[in-house]
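# Architecture at a glance
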Amino acid sequence: MVEWRDRAILLEAMKFADHDAIVTVFSREHGIYKGVCKAALTKKNRAQMEPGNIADVRWSARLQEHLG
């Protein structure tokens, strides 16, 4: 299992399923990564998914090539 935590800039949030999103982030230590963010597009969380926002990110996947 591959896992890391870092501060990152949100580059893009694309709709995936009902309220989930595939987000693209840029981290100083890890570069550009994509991952699934659960409940990202609910009314409560939608404002946090704006490009340019800085977030604390936890990325984990079984293999490095997988979507986190």
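Refer to the structure printed above.
Residues numbered from 1 in each chain as written. Predicted model: local features only at pLDDT ≥ 70, side-chain atom pairs only at ≥ 80, totals over all residues. Heavy atoms only, no water.

## Looking at the overall build of the chain
Tallying secondary structure elements over the chain gives zero helices and four strands in all. In sequence order, the chain lays out its α and β elements as β-β-β-β. Relative to a compact globule of 68 residues, whose C-alpha radius of gyration would be 11 Å, the chain shows 11 Å and is just as compact. Once the C-alpha set of the chain is aligned to its principal axes, its extents read approximately 30 × 25 × 15 Å. Within the chain, buried positions represent 31% of all 68 residues. (Helix = DSSP H or I, 4+ residues; strand = E, 2+ residues; numbered from the N terminus. Rg over C-alpha atoms; globule rule 2.2 N^0.38 Å. Buried < 20%, exposed > 50% of the residue type's maximum accessible area, 1.4 Å probe, protein only.)

## Some words on the sheet that holds strand 4 (residues 54-61)
Within the open sheet, the four strands sit side by side as 3-2-1-4. Their pairing is antiparallel. Here the strands that pair on one side only, and so sit at the sheet edges, are strand 3 (31-37) and strand 4. Within this sheet the neighbouring strands show an average axis-to-axis angle of 50°, counted without direction. With eight bridges connecting them, strand 1 (residues 2-16) and strand 4 associate as antiparallel partners. Each bridged residue has a counterpart across the sheet, and for aspartate 6 the counterpart in strand 4 is valine 57. (Pairing = 2+ DSSP bridges. Axes fitted to C-alpha atoms, helices over the stretch in contact; angles between N-to-C directions.)

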